Amino acid sequence: MKQVLTNLSRVWIVVISYQIITILLIAFFDSEYFQTTGFLISRTIILIYLIARIVIKSNILNKYGTLSDSLVVYALLAFFYGETAQLNTYLFPKIDHILSLWDQLLFGFQPSVLFSEKWDSALLSEIMFFGYFTFYLMPLTALLSIWRYRRSYFSKFSFLVLSSYFVYYLVFILIPAEGPQFYFSNPLSQIDSQGPFATIVKLIQKIGEAPTAAFPSSHVGMMTIILLLLYKIHCNLFKILMPFSILLLFSTIYIKAHY
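Quick look at the structure, then. Everything numeric here is computed off the predicted structure, so don't read it as measured data. (Residues numbered from 1 in each chain as written. Predicted model: local features only at pLDDT ≥ 70, side-chain atom pairs only at ≥ 80, totals over all residues. Heavy atoms only, no water.)

What about the packing of helix H4 (residues 59-87) against helix H8 (residues 138-149)?
Put simply, the rule is: Angles run from 0 to 180 degrees between N-to-C directions of axes, and those axes are lines fitted to C-alpha atoms, restricted for helices to the stretch in contact. Put simply, DSSP H or I for four residues or longer makes a helix, DSSP E for two residues or longer makes a strand, and each gets a number counted from the N terminus. What sets the label is the angle itself: under 35 degrees gives roughly parallel, over 145 gives roughly antiparallel, 65 to 115 gives roughly perpendicular, and the rest give oblique. The contact definition used throughout considers only heavy atoms, calling two residues in contact when any of these lie within 4.5 Å. All amino acids are sorted into three groups, where Ala, Val, Leu, Ile, Met, Phe, Trp, Tyr, Cys and Pro are nonpolar, Asp, Glu, Lys and Arg are charged, and the leftover types, Gly among them, are polar.
Contact geometry for H4 and H8: axes closest at 12 Å, N-to-C directions at 175°. As judged from the angle between their axes, H4 and H8 are roughly antiparallel. Mapping the contact onto sequence places Lys-63, Tyr-64, Leu-67, Leu-71 and Tyr-74 in H4 and Pro-139, Leu-140, Leu-143, Leu-144 and Trp-147 in H8. Partitioning the contact of H4 with H8 into residue classes produces nine nonpolar, no polar and one charged.

Structure below.
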């Protein structure tokens with residue numbers, strides 16, 4: 001068992017630490033949340049997986065354990081991201097009024113509103129939604145590519161990338177912000193675009209998006225972290241992902257996800 005525990009990826013230390021912090025917050029501010037389906041399912045998945053990793057003796061699991069750990073944690077990120085919408089109401093009030101004021105003072109207008117209004121062509125809109133959509137694929141692509149082509153770096157790479165997500169989630173709890181798509185009233189908060197990527201992104205947002213995580217942008221931040229790491233260990237993938245990351249910078253404002 002000691003050997004199996006040693007073989008568990010370091011990212012589980014971060015995951016478990018994050019659970020302790022959030023569980024303490026929930027216990028203090030909203031103990032009824034412990035009874036919700038989302039809370040129970042996510043923590044049950046973690047518990048079952050960790051028990052399986054400790055108990056099951058398998059050469060295959062030992063060989064691919066680090067990859068398996070990373071993919072399981074990556075899959076759970078979607079839930080823990082959404083949960084910050086619940087947790088970020090505990091400590092401080094939301095600061096969207098401050099963020100929108102900063103935009104107004106810096107630019108004399110609201111970039112998240114005016115960008116899509118002034119550049120409202122169907123083609124550009126679809127390109128922007130495509131840029132935002134690529135974020136759902138780029139981190140996973142990077143993880144799998146490092147596993148395939150730079151395996152000796154995978155443990156460190158996956159630890160740094162996945163741990164960074166949880167650092168962002170803690171920041172979102174401490175700096176609660178909804179974002180223009182929730183803060184502004186309709187029609188300022190919406191974009192009338194019907195292209196395939198716009199439809200996909202809007203569907204994903206409808207299912208998994210929540211009034212949280214608007215400042216700072218984890219999309220931009222995570223791709224910056226990933227690109228910095230790739231530049232050192234996988235320059236070819238860095239060159240491939242860079243154009244999509246630049247497009248992502250603009251798309252987060254265009255689709256009104258961030259200020």
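As for the environment of Lys-206
The condition that has to hold: The cut-offs for exposure are 20% and 50% of the maximum accessible area for each residue type, with area from a 1.4 Å probe on protein chains only; residues under the lower value are buried, those over the upper are exposed, and the others partly exposed.
Mapped onto the elements, Lys-206 comes out in helix H11 (residues 196-208). Of the residues examined, Lys-206 reaches a relative accessible area of 73% and is grouped as exposed. Considered as a pair, Lys-206 and Ala-75 are 131 residues apart in the sequence and their alpha carbons are 18 Å apart.

What to know about the packing of aromatic side chains
Filter applied, for reference: Aromatic pairs are defined between Phe, Tyr and Trp rings, using the six-membered ring for Trp, whenever the two ring centres lie within 6.5 Å; interplanar angles under 30 degrees are classed as stacked, those over 60 as edge-to-face, and all others as tilted. Lysine NZ or arginine CZ positioned within 6 Å of the ring centre and within 35 degrees of the ring normal marks a charge as sitting over the ring.
Summed over all chains, the structure comprises 29 aromatic pairs. Seen in terms of ring centroids, Tyr-169 and Phe-172 are 6.5 Å apart; in terms of plane orientation they differ by 35°. Their pairing is tilted. Within this pair, Tyr-169 and its partner Phe-172 are both found in helix H9 (residues 154-174), separated by three residues, close to a single helical turn. By relative accessible area, Phe-172 is classed as buried at 0%. Just above the ring of Phe-159 sits the side chain of Arg-10; from NZ or CZ to the centre is 4.4 Å.

Let's talk about the side chain of Gln-181
Our working definition: Definition of a polar contact: a pair of N or O atoms within 3.5 Å, with one able to donate and the other able to accept a hydrogen when the atoms are protein atoms, and with sequence-neighbouring residues admitted only if both atoms are side-chain atoms.
Assignment of secondary structure puts Gln-181 in helix H10 (residues 180-183). Looking at Gln-181, the relative accessible area reads 14%, which means it is buried. Separated by 3.4 Å, the side chains of Gln-181 and Gln-205 make a polar contact. Among all residues touching Gln-181, those that are not within four sequence positions of it are Ser-189, Gln-190, Gln-205, Glu-209, Lys-256 and Ala-257.

Things to note about the nonpolar core
The condition that has to hold: In this description, a nonpolar core means a group of buried Ala, Val, Leu, Ile, Met, Phe, Trp, Tyr and Cys residues linked to one another through side-chain atoms lying within 4.5 Å.
Judged by nonpolar contacts, the single largest core of 64 residues is most densely connected at Trp-12, Phe-157, Tyr-165, Phe-166, Tyr-169, Leu-230 and Ile-255. Among the elements that take part in this core, H9 stands out by supplying 10 residues, more than any other. Beyond its immediate sequence surroundings of up to four residues, Leu-230 is in contact with Ala-142, Ile-146, Phe-157, Cys-235, Leu-237, Phe-238 and Leu-241. Within the second largest apolar cluster, seven residues are counted, among which are Ile-95, Leu-99, Phe-184 and Tyr-259.

Some points on helix H5 (residues 96-107)
What counts, and what does not: A helix is expected to span 1.5 Å multiplied by its residue count minus one. The directions from the helix axis to the C-beta atoms form the arc being described.
A rise of 1.5 Å per residue sets the reference length of H5, with its 12 residues, at 16 Å; its end C-alpha atoms lie 16 Å apart and thus fit the reference within 8%. Where H5 is concerned, the buried positions are Asp-96, Leu-99, Ser-100 and Asp-103. For H5, the angular spread of buried residues about the axis comes to 95°, placing them on one side.

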